[in-house]
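What follows is each chain in one-letter form.
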Amino acid sequence: MVVEPEHATVNGRKRPQPPPRSHHEVAEELRARIRAGVLRPGQRMPTQAQLADEFGVERAAVRQALRILHTERLLTNVSKGSPATVAPDPYRALTGPGAPPQPTTVALAPRIAAAFAAPHVEIDALCLTSISLTLSIGEPLRRIHAGQLKPAKVDVRVLLPSRDIDLAFPAPVDPADADRLHPRWLAMRNAQGQVLQHNLLALRATHGIDVRVSFRALPFTPPVKLYLLNGTEALFAYYTLRRREEEIDQEQLELYDAEGTQSMLFAFEQGAGLRDTTFVEQSHLWFNALWETISSELVLTR
């Protein structure tokens, strides 16, 4: 028997073959190709036999991978009889409700832009600084200025932590450094809120859109972020803490913090099943309860 060089060691023994890919890995690779446009909307997929040969797996693993992508609404015509087809609108499946969780910076902006296609835009947000929301508003604003969108009314409500509380995070590893970290977070919260408010309210003068932007302060640090869009979608993510260093006042400070822009966002849609519908409804009840009870007036100044 001839041993291929790439699988042979210096003593002639055959190296162990790498483990075969799982169906999840096959699904992820195909999902990445659809996301990148390598597999285009409406394009017929390779046959199961071709995919099995390419990935070095059994056909059963390919079938499982295709079922996953079909469940995510990325593929149609998934059957044993003919090759599957890329969905006509895979972009929505990749970014909208039912999509696999993605970082906030990837998932939020397309959903905010889609929300602005409605005549009455309603956005409720609970977050730590509103950075992600401010960034995501940029695309629909561009499309409004380009004449591609024209909502009649925009209502935005944002819940942020109060300036008067001791934040659970970001927090210094050494409690003695708390007085140095809190002003930095407060300045960021206020700056992001002011930019968000200014950019939205400017739509009144430039396009005659009825805009209202409101902020209220929470007496606690939210461990999660939540975005509610037009009463029909809920986007939810955990703030996951890690220990890191940051330069503050020309000194390195160790702190516990969460990068909210990278938090994995889970999407739920009203009407997409009892689980999703209930989550959206309960999220609205929770947000409204916080807004109307224990939150207080928030002023975006130091």
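Shown above is the structure to which this text applies.
Residues numbered from 1 in each chain as written. Predicted model: local features only at pLDDT ≥ 70, side-chain atom pairs only at ≥ 80, totals over all residues. Heavy atoms only, no water.

Undergrad: An account of the pattern of salt bridges is needed here, citing residue identities and associated values.
TA: Applying the stated criterion across every chain, the model contains 16 salt bridges. Across the pair Arg33 and Glu54 runs a salt bridge, and its minimum N-O distance is 2.5 Å. Taken as a pair, Arg33 in helix 1 (residues 23-36) and Glu54 in helix 2 (residues 48-55) lie far apart in primary sequence, 21 residues in all. For Glu54, a relative accessible area of 44% puts it in the partly exposed group. Note that Arg212 and Asp155 form a salt bridge whose closest N and O atoms lie 2.7 Å from each other. One end of the pair, Arg212, is in strand 7 (residues 210-218); the other, Asp155, is in strand 5 (residues 153-161), and 57 residues separate them in sequence. Arg212 sits in the partly exposed class, given a relative accessible area of 44%. On the accessibility criterion, Asp155 (13% relative accessible area) is buried. Each of Asp177, Arg180, Asp249 and Glu251 takes part in salt bridges that share partners, so that together they form one network. (Salt bridge = Lys/Arg side-chain N within 4 Å of Asp/Glu carboxyl O. Helix = DSSP H or I, 4+ residues; strand = E, 2+ residues; numbered from the N terminus. Buried < 20%, exposed > 50% of the residue type's maximum accessible area, 1.4 Å probe, protein only.)

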